[in-house]
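The residues making up each chain are set out below.
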There are 2 protein chains.
Amino acid sequence: MAYTIKDVAKKANVSIATVSRILNNQKGYSEQTKKKVLKAIEELDYHPNAIARGLINKKTSTIGVLFPALSSMLATELLAGIEKTAHELGSSVIVCHTESNGLKTMKYLQLLNEKRVDGIIFTSEILKEEYYEFIQKMNIPLVLLSTESRAYPVPYVKVDDRRAAYAAVQYLIKQGHKRIGMISGNDQDMIAGKPRIEGYLDAMSDYGLPADDSFIARMKGFKFSDGTEGLKLLKKQLPDVTAVFAASDDIAVGAISSAYRLGIRVPDDLSIIGYDNLKIADMTIPPLTSLAQPFYEMGEKAAQMIFDLMDGDELIESRIMPHSIAERNSVLKLGS
Amino acid sequence: MAYTIKDVAKKANVSIATVSRILNNQKGYSEQTKKKVLKAIEELDYHPNAIARGLINKKTSTIGVLFPALSSMLATELLAGIEKTAHELGSSVIVCHTESNGLKTMKYLQLLNEKRVDGIIFTSEILKEEYYEFIQKMNIPLVLLSTESRAYPVPYVKVDDRRAAYAAVQYLIKQGHKRIGMISGNDQDMIAGKPRIEGYLDAMSDYGLPADDSFIARMKGFKFSDGTEGLKLLKKQLPDVTAVFAASDDIAVGAISSAYRLGIRVPDDLSIIGYDNLKIADMTIPPLTSLAQPFYEMGEKAAQMIFDLMDGDELIESRIMPHSIAERNSVLKLGS
DNA sequence: TTGTACGCGTTATCAG
DNA sequence: CTGATAACGCGTACAA
């Protein structure tokens, strides 16, 4: 059995109160006794019990993070950022894999509640009413990451997808492209789907370029297979397309792969720009130009916000993170 | 403030003991009172405090997992498997990102100790003496995942790298290749480095094929850049190579990329087989044939073992997980 | 400067 | 079947 504060007290011939004081470096003891106690702690190899501490302090130094999918590069970059900041600030993070499943999500929320986590980061998904209500009752800080809520006043950290998409398309336009198509993810997705389509449309419209329904291949998801299918579809709908904006890197990579099979050279025959700038963007042939989301930093920021909220900073503002273009070689500059 | 068992007891006009019994569905109460209590619980929306429970039960239903790198597909597949099983068995998982840093690792171990986690899964790295000793003192189950220890009797879950490498090379041989090179990771790495080289050498030797130093490009790591550099090096050392065994998928992808730039066609001019079978293997051009490690299942198994150990199963045996070949299109079958 | 004693929310051991 | 009550390990008024 592990030693307790009592054992230390006994060994050092002091009361547990004194030991506690020294442990939490408060004041109220002589250097003398401090040394005595420290020595006892050392000798016993005593380590305070965070559980007992949590019970009395009503603070567990643990936060919960919910992911719809764990094994995606995106999630892990976020997680890495969260974990780093949390650890720096003395907290641990419990990961929860919801699979976008309502029941599972509620189960996790129950769990996190019983474990009395200090805060929750909810990522990459719509915050349903049920979730929100429950977390409200838990009465702990909540931050949305890589998602946002129109329905509830919850601070979030994300890029402005509409503007980011606009920027990506604008980049294509500035390279001289005019017939620009898009392979979009699920257009019912109000977070990552619709805004990116709107951004695309905004840009095309602003620059006086045509873009009707035949310019967009609306897929069901944001995966590699959506990219392979998407490109075929788009090519059928818009044979003279010279550049495509893919709503995710996975889609973009799928498109590149599909293009290769179709004998379409990238970027010579067709330019492609991705979205997310995952590690994979560096590994494709050609390396993929992509709209970069700063996932790691977003994770850091979200964790930071949780702690600010815990510290009572009443009104934390949401944070729109800056996007940028990671320029590589999948987009051809067209001569005028 | 959240309600406590006391509030429930009061509301239901029973003692906290009775409430506790019902909560933990033990016996010793009438259906009558059970209903009363359940109603009170419902009305108050009471949720037991896992911290208080942990204090008295000496069980936190939490395990800690240490990763040297979080944002790698490999780690996240492992994590996903661990998380799934842990959750099924009623536990949460705390992730720790050590960055292969001794000090950070010890700090995390301290933390996990203070948090009184029920067990620890240590992944993808050498278990140093310092770590082992500390965890020994913690006196909780420890399982090694995707690594093993020669120095200490700790159960592990991993594939047999030497045999797996052998299998990969054998596959190449069976496709008719004879001039087979290898791009290896760090040969000082006793877990993922050396055994794979040995497996390669074993296979070449068993089939009477030549394989001296010029057949191996020994790189520093297992990354994409090691693959790009590795291929160039190998091509210089062994100009007539027809197939290469890459010690990781990242290396393999780098090699493919490098080959492309060098005007070497894969698989027509050069066959490449990877190692790990990450998601990325599906996305390359051509899709990468790779030696598959069942990461997700390995994570599941490791978690399972932790719980078996917690349940007192004294001697848990290590588990060598089966590898396989994920056949895609990066290896050419040579005519006899 | 130091020690006593109570409480944090549970579970478990006794009596009744 | 039920209810006090003592732990669990620690922090902290309060007293000394």
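Please refer to the structure higher up on the page.
Residues numbered from 1 in each chain as written. Chains lettered and ligands numbered in written order. Predicted model: local features only at pLDDT ≥ 70, side-chain atom pairs only at ≥ 80, totals over all residues. Heavy atoms only, no water.

Caption draft 1: Quick look at the sheet that holds strand E6 (residues 180–184) of chain B. Residues and elements named next belong to chain B. One open sheet holds the 6 strands; their spatial order is E7-E6-E8-E9-E10-E12, and the pairing between them is mixed. Strands with a single pairing partner mark the edges of an open sheet, and in this sheet they are strand E7 (216–218) and strand E12 (324–326). Strand-to-strand twist of the sheet, defined as the mean angle between neighbouring strand axes without regard to direction, takes the value 20°. As paired strands, E6 and strand E8 (residues 243–246) are joined by 4 bridges and run parallel to one another. For Ile183, the partnering residue across the bridge sits in E8 and is Ala246. (Pairing = 2+ DSSP bridges. Helix = DSSP H or I, 4+ residues; strand = E, 2+ residues; numbered from the N terminus. Axes fitted to C-alpha atoms, helices over the stretch in contact; angles between N-to-C directions.)

Caption draft 2: Main features of the protein's contact with DNA strand C. Inspection of the region around DNA strand C gives 31 residues, with A:Arg21, A:Ile56, B:Ile5, B:Tyr46 and B:Arg53 positioned closest. Counting only atoms of DNA strand C within 4 Å of the protein, the fraction found in sugar and phosphate groups is 63%. A:Thr18 places a side-chain nitrogen or oxygen 3.0 Å from a phosphate oxygen of DNA strand C. Residue A:Arg21 places a side-chain N or O atom 2.3 Å away from a base oxygen belonging to DNA strand C. Elements supplying a minimum of two residues to the surface near DNA strand C: helix H2 (16–23) and helix H4 (50–57) of chain A together with helix H1 (5–12), helix H2 (16–23) and helix H4 (50–57) of chain B. In terms of residue class, the surface near DNA strand C is made up of 13 nonpolar, 13 polar and 5 charged. (Near = heavy atom within 4 Å. Polar contact = N/O pair within 3.5 Å; in protein donor to acceptor, adjacent residues only side chain to side chain. Nonpolar A, V, L, I, M, F, W, Y, C, P; charged D, E, K, R; others polar.)

Caption draft 3: The pairing of E6(B), seen in detail. Residue and element names in this part refer to chain B. The element E6 is extensively covered by neighbouring structure, given that 5 of its 5 residues are classed as buried. With burial as the criterion, each face of E6 is covered, one bearing Ile180, Met182 and Ser184 and the other bearing Gly181 and Ile183. Across 3 bridges, E6 lies against E7 in parallel orientation. By the bridge assignment for E7, Ser184 is matched with Arg218. (Buried < 20%, exposed > 50% of the residue type's maximum accessible area, 1.4 Å probe, protein only.)

Caption draft 4: Local environment of the relation of the copies chain B and chain A. The two copies are related by a screw operation: chain B maps onto chain A through 180° of rotation and 0.0 Å of translation along the axis, at an RMSD of 0.1 Å. The operation mapping one copy onto its partner corresponds to a two-fold rotation axis. Distance from the rotation axis, computed per C-alpha, reaches its smallest value in chain B at B:Ile94: 2.3 Å. The fraction of interface residues of chain B whose copies in chain A are also interface residues reaches 100%, indicating that both copies meet through the same surface. (Least-squares fit on C-alpha atoms with pLDDT ≥ 70 in both. Contact = heavy atoms within 4.5 Å.)

Caption draft 5: Representation of the nonpolar core in the model. Counting residues in each nonpolar core, the largest one holds 158 residues, and the members touching the most others are A:Phe245 and B:Phe245. If you look at the next biggest cluster of nonpolar residues, it comprises 44 residues, including A:Val154, B:Ile120, B:Leu127 and B:Tyr156. (Core = buried A, V, L, I, M, F, W, Y, C linked by side-chain atoms within 4.5 Å.)

Caption draft 6: Main features of the packing of H2(B) against helix H3 (residues 31–44) of chain B. All names here are of chain B. It is at 10 Å that the axes of H2 and H3 come closest, and there the two elements cross at 90°. Of the possible angle classes, the one that applies to H2 and H3 is roughly perpendicular. In this structure, H2 uses Val19, Ile22 and Leu23 to contact H3, whose residues at the interface are Thr33, Lys34, Val37, Leu38 and Ile41. Counted by class, the contact of H2 with H3 contains 6 nonpolar, 1 polar and 1 charged residues. (Parallel < 35°, antiparallel > 145°, perpendicular 65-115°, else oblique.)

Caption draft 7: Here's a closer look at the interface of chain B and chain A. Between chain B and chain A, the residue contacts involve 55 residues of the former and 56 residues of the latter. Our enumeration of links across chain B and chain A arrives at 2 salt bridges. Linking A:Lys137 and B:Asp45 is a salt bridge whose minimum nitrogen-to-oxygen distance equals 3.5 Å. Between the two partners, chain B and chain A, sit 20 residue pairs in polar contact (both at pLDDT 80 or more). (Salt bridge = Lys/Arg side-chain N within 4 Å of Asp/Glu carboxyl O.)

Caption draft 8: View of the pairing of strand E4 (residues 142–145) of chain B. Residue and element names in this part refer to chain B. In E4, alternate side chains face the same way, and those of Leu142 and Leu144 on one face and Val143 and Leu145 on the other are all buried. Bridge analysis of strand E3 (residues 119–123) against E4 gives 4 bridges, and the strand direction is parallel. When the sheet's bridge partners are listed, Ile120 is paired in E4 with Leu142. Read as a crossover between parallel neighbours, the route from E3 over helix H7 (residues 129–138) to E4 is right-handed. Looking at chain direction, E4 and strand E5 (residues 156–159) are connected through 2 bridges and run parallel. Along E5, the bridge assignment pairs Leu145 with Val157. (Right-handed = clockwise from strand over helix to strand, strands pointing away.)

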